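Analysis of the macromolecular model
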Amino acid sequence: MKFFVDTADMAEIRDLAETGLLDGVTTNPSLVAKTGRPFLDVIAEICEIVPGPVSAEVAATDHETMLAEGRKLAKIAGNVAVKVPLTRDGLKTCRVLADEGTMVNVTLCFSAAQAILAAKAGAAFISPFVGRLDDIGESGMGLIADICEIYRNYPHFETEVLVASVRGPQHVVEAARLGADVATVPPAVLRQLFLHPLTDKGLAAFLADWQKTGQSILGDKSAEAAE
Ligand code: G3P
């Protein structure tokens, strides 16, 4: 399973990239707005830090302008995935960009029918928003299960299921159980994945016992330096 981070915050991206666990980045207009920085600069900078796919979303809603914006975004770097909304014009744009060799992430997916269309349009990624479905009392993970099942029936579909609008570690675990290809996760949730109270407790006990031995695995550095 691949982990993308869902943010445009450069400090967060740098920090998480250092773990070696980050496979890509997703941004959206709301996340870019939070940075207060020029969009194209933000995307270029992220692409330099993370070699995997970096999603950059178009702002237009009509096909012609979306296509022009998508082509401009794709020129920023080879790892840009142009993000288009799941609308008729968005999918039309997806088809053209995909045929030109550009990765496209189709976003704002809320139904299995929409996901089928995105795969037919040649999307590299489909982004179903699980948290927003849960928010209105529907099952976000039910949608992921449906899409994974459907895509498995058609091996020629190359679209990866990118679970978006993730709200907690349980969404990530459920997505992995269902075989989703990618989870895009807010930085705070990615950090939560590392944590378990029994890990902290166990480590504290091991370290306390190790102290009692009086040993050092690296030896006495000051003694070595004096030799
Ligand atoms: O980037 C798309 C998606 O992950 C947004 O999530 O939390 O705004 O529903 P959220």
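The structure this text deals with has already been given above.
The following refers to the structure shown. Quantities reported herein were computed from a predicted structural model and do not represent experimental measurements. (Residues numbered from 1 in each chain as written. Predicted model: local features only at pLDDT ≥ 70, side-chain atom pairs only at ≥ 80, totals over all residues. Heavy atoms only, no water.)

**Topic: empty space enclosed by the protein**
Inspection of the entire model under this criterion finds one cavity of 30 Å³ or more. There is about 50 Å³ of room inside the largest cavity. If you go around the largest cavity, the residues you meet are Phe3, Leu16, Thr19, Leu21, Leu22, Leu190 and Phe194. (1 Å grid on protein atoms, 1.4 Å probe; cavity = no way out; pocket = protein on both sides within 12 Å on 5 of 7 lines; lining within 4 Å. Points joined across faces, edges and corners; volume = space filled by probe spheres on them.)

**Some thoughts on the site of the ligand**
Residues in contact with the ligand, as listed here, are Asp6, Asn28, Lys83, Phe129, Arg132, Ala164, Ser165 and Arg167. For the ligand, an oxygen atom lies 2.6 Å from a polar atom in the side chain of Asp6. Separating an oxygen atom of the ligand from a side-chain N or O atom of Ser165 is a distance of 2.7 Å. When the ligand is considered free in solution it has 310 Å² of accessible area, and contact with the protein chains removes 82% of it. According to the grid-proximity analysis, the pocket containing the ligand is the largest pocket. Within the shell around the ligand, the residues separate by chemical class into two nonpolar, two polar and four charged. (Near = heavy atom within 4 Å. Polar contact = N/O pair within 3.5 Å; in protein donor to acceptor, adjacent residues only side chain to side chain. Areas by Shrake-Rupley, 256 points an atom, 1.4 Å probe, with all protein chains shown as cover. Sits in = over half its atoms within 2 Å of the grid points. Nonpolar A, V, L, I, M, F, W, Y, C, P; charged D, E, K, R; others polar.)

**Regarding the side chain of Thr102**
Along the chain, Thr102 falls in the loop between helix 5 (88–99) and strand 5 (103–109). Thr102 sits in the buried class, given a relative accessible area of 15%. Setting aside anything within four residues of it in sequence, one finds Thr102 in contact with Ala74, Val82 and Leu97. (Helix = DSSP H or I, 4+ residues; strand = E, 2+ residues; numbered from the N terminus. Buried < 20%, exposed > 50% of the residue type's maximum accessible area, 1.4 Å probe, protein only. Contact = heavy atoms within 4.5 Å.)

**Quick word on the packing of helix 8 (residues 140–153) against helix 9 (residues 169–178)**
Relative to each other, helix 8 and helix 9 sit at 20 degrees, their axes nearing to 10 Å. With respect to helix 9, the element helix 8 is oriented roughly parallel. When you trace helix 8 past helix 9, the crossing you get is right-handed. Every residue of helix 9 that contacts helix 8 at Met141, Ile144, Ala145, Cys148 and Arg152 is listed here: His171, Glu174, Ala175 and Leu178. Its residues assigned to classes, the contact of helix 8 with helix 9 comprises six nonpolar, one polar and two charged. (Axes fitted to C-alpha atoms, helices over the stretch in contact; angles between N-to-C directions. Parallel < 35°, antiparallel > 145°, perpendicular 65-115°, else oblique. Left-handed = near helix turned anticlockwise from the far one by under 90°.)

**Things to note about the nonpolar core**
With 59 residues, the main nonpolar core has Val106, Ile126, Val161 and Val163 as its most contacted residues. No other element matches helix 8, which puts six residues into this core. Setting aside residues up to four positions removed in sequence, Val106 forms contacts with Val84, Pro85, Leu86, Leu91, Cys94, Ala118, Ala123, Phe125, Ile126 and Ser127. By size, the runner-up hydrophobic cluster in this structure holds six residues, among which are Ala81, Phe125, Leu162 and Val182. (Core = buried A, V, L, I, M, F, W, Y, C linked by side-chain atoms within 4.5 Å.)

**Notes on the sheet that holds strand 8 (residues 182–185)**
Reading around the barrel, the eight strands line up as 1-2-3-4-5-6-7-8 and close back on themselves, with parallel pairing between neighbours. Strand after strand, the sheet turns through a mean of 30 degrees between neighbouring axes, direction not considered. Where strand 1 (residues 2–6) meets strand 8, four bridges bridge the pair, whose relative direction is parallel. Among the inter-strand pairings, Phe3 is bridged to a residue of strand 8, identified as Ala183. (Pairing = 2+ DSSP bridges.)

**A look at the side chain of Asn105**
Among the secondary structure elements, Asn105 is positioned in strand 5. The class of Asn105 is buried, set by a relative accessible area of 0%. A polar side-chain atom of Asn105 sits 3.1 Å from a polar atom in the side chain of Ser55. Beyond its immediate stretch of four places on either side in the chain, Asn105 contacts Thr26, Ser55, Val82, Lys83, Val84, Phe125, Ile126, Ser127 and Leu162.

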